[in-house]
Amino acid sequence: EAGLQSRQGVLAFLVMGSVFIVIDSAIHVVPQYRALFLRERGSGMYSVFSYYASLVVSDTPMQIVMPVVSGAILYWMVNLRPDATSFFLFLGFYILALQAGSAIGICISCGVSNIAVGLTVGPMVSVVFTLFCGYFANTDSIPVFLRWITSTSFVRWSLQPLLINELSGGDFTVACNPTTGQCSTPSGDAVLRQLRFDGTPMWQCAV
């Protein structure tokens, strides 16, 4: 089965691209309505938790419908694992990835004074978590005093279960020597071990 590098690439691009879009969208939420929120909270109409809960609940339907639709199209278009269990695990973790991105975006929007500042801080935070997710730089090559970023990277915990779901237990023909006709066939488990993505069960990634 060919396409090991393509499978890794499409899943990495899907997670990073989708999460960055969600973060950018969520950054607009709080600064846009901060004055209204402060006035109504000052009047005792609702608490901070109630406001946050309403944001999450109102945004959740779109955070479920959109990834289900786009994920279902993409999954079969790029010919990922053709079994129901893998497909629904993919959708579940994809939805959780967008939820994590939305939470990060709202967190950033709460800490900035206006949308312009948020749109500057958001990409910086996203890039740092992406660089230290363990996909571009192996965890062992990251200085010890910076590895805490890897452990807290929402990009890592979003990408890792998707790669485990797709690569675990699979064998992939990567390249064939035109002279000898021999082909390199690494296992998906070997790739996961190389990325240091093999030591954590999928359910822990969800947590």
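About the thresholds
Each residue is numbered by its place in its chain's sequence as written, counting from 1. pLDDT decides what is reported in this predicted model: residues at 70 or higher carry local features, side-chain atom pairs at 80 or more are listed and counted, and totals for whole chains, interfaces and linings draw on all residues regardless. Each side-chain value is derived from all of the structure's non-hydrogen atoms; neither hydrogens nor water enter the calculation. Only buried Ala, Val, Leu, Ile, Met, Phe, Trp, Tyr and Cys residues count toward a nonpolar core, and they belong to the same one when joined by side-chain atoms within 4.5 Å. The buried label goes to any residue with under 20% of its type's maximum accessible area, the exposed label to any with over 50%, and the partly exposed label to all in between, with areas taken from a 1.4 Å probe on protein chains only. The helix count covers DSSP runs of H or I at least four residues long, the strand count covers runs of E at least two residues long, and both are numbered beginning at the N terminus. In this description, contact between two residues means that some pair of their heavy atoms is separated by no more than 4.5 Å. A pair of Phe, Tyr and Trp rings is counted when the ring centres sit within 6.5 Å of each other, with Trp represented by its six-membered ring. The angle between the planes then sorts it: under 30 degrees is stacked, over 60 is edge-to-face, the rest tilted. Of the grid points, spaced at 1 Å and generated over the protein atoms alone, those admitting a 1.4 Å probe that cannot get out make up cavities, while open sets with protein on both sides within 12 Å along at least five of seven lines make up pockets; any residue with an atom within 4 Å of a point is treated as lining. Grid points are joined across faces, edges and corners, and a volume is the space filled by probe spheres set on the points. The residue classification treats Ala, Val, Leu, Ile, Met, Phe, Trp, Tyr, Cys and Pro as nonpolar and Asp, Glu, Lys and Arg as charged. All others, Gly included, are polar. By convention in these notes, a salt bridge is any Lys or Arg side-chain nitrogen within 4 Å of a carboxyl oxygen on Asp or Glu. The definition of a polar contact used here is a pair of N or O atoms within 3.5 Å, where within protein one atom must be able to donate a hydrogen and the other to accept one, and adjacent residues in sequence count solely through side-chain atom pairs.

J.: Explain the nonpolar core to me, please; I cannot follow it from the model alone.
T.: Where a protein is soluble and globular, its nonpolar side chains tend to be buried together. Of all hydrophobic cores here, the largest spans 38 residues; its most connected members are Leu11, Phe90, Leu159 and Leu163. Where this core is concerned, the elements lending two or more residues are helix H1 (4–27), helix H4 (84–111), helix H7 (154–167) and helix H8 (188–195). With 10 residues, H1 is the single largest residue contributor to this core. Contacts of leucine 159, omitting those with residues within four sequence positions, involve Leu11, Ala12, Val15, Met16 and Tyr135.

J.: How do you make sense of the packing of aromatic side chains when you look at a structure like this?
T.: One pair of aromatic rings is described through two measures. These are the centre distance and the angle between the planes. Within this structure, the stated rule accounts for 11 aromatic pairs. Ring geometry for tyrosine 46 and tyrosine 51: centres 6.1 Å apart, planes at 15 degrees, overall stacked. On the accessibility criterion, tyrosine 51 (16% relative accessible area) is buried. Ring plane angle 65 degrees and centroid distance 5.2 Å describe the contact between phenylalanine 87 and phenylalanine 88, whose orientation is recorded as edge-to-face. Given the relative accessible area of 56%, phenylalanine 88 is considered exposed.

J.: Please explain the layout of surface pockets as it appears in this structure.
T.: The method is simple in principle: a probe with the dimensions of a water molecule rolls over the atoms, and the space it marks as empty is what remains. Here the largest pocket defines a volume of roughly 380 Å³. Val22, Ser25, Asp59, Met62 and Gln63 are the residues nearest the centre of the largest pocket, which is lined by 18 residues in total. Those elements that place two or more of their residues in the lining of the largest pocket are H1, helix H3 (48–77) and H4. The element that contributes the greatest number of residues to the lining of the largest pocket is H3, accounting for eight residues. A breakdown of the residues in the lining of the largest pocket according to their chemical character gives 11 nonpolar, six polar and one charged. If you add up the space inside the second largest pocket, you get close to 150 Å³. Lining the second largest pocket, in full, are Phe93, Leu96, Ala97, Ala100, Phe154, Trp157, Ser158, Pro161, Cys205, Ala206 and Val207.

J.: How should the pattern of salt bridges be read in this particular structure?
T.: Opposite charge on two side chains permits them to pair, given that their charged atoms come into close proximity. Within the structure shown, the criterion is met by two salt bridges. Between glutamate 166 and arginine 7 there is a salt bridge, and its shortest N-O distance comes to 2.2 Å. Of this pair, glutamate 166 sits in helix H7 while arginine 7 sits in helix H1; the two residues are 159 residues apart in sequence, bridging distant segments of the chain. Per residue, the accessibility class of glutamate 166 equals that of arginine 7, and both read buried.

J.: Any chance you could explain the side chain of threonine 130 here in plain terms?
T.: As for its placement among the helices and strands, threonine 130 is situated in helix H5 (residues 115–131). In contact with threonine 130, not counting residues within four places along its chain, are Met16, Phe20, Phe136 and Val155.

J.: It is not clear to me how the side chain of arginine 7 should be interpreted in this structure. Could you clarify?
T.: Overall, arginine 7 belongs to the buried group, its relative accessible area being 6%. A distance of 3.2 Å separates a polar atom in the side chain of arginine 7 from the backbone oxygen of asparagine 79. Side chain to side chain, arginine 7 and glutamate 166 meet in a polar contact 2.2 Å long.

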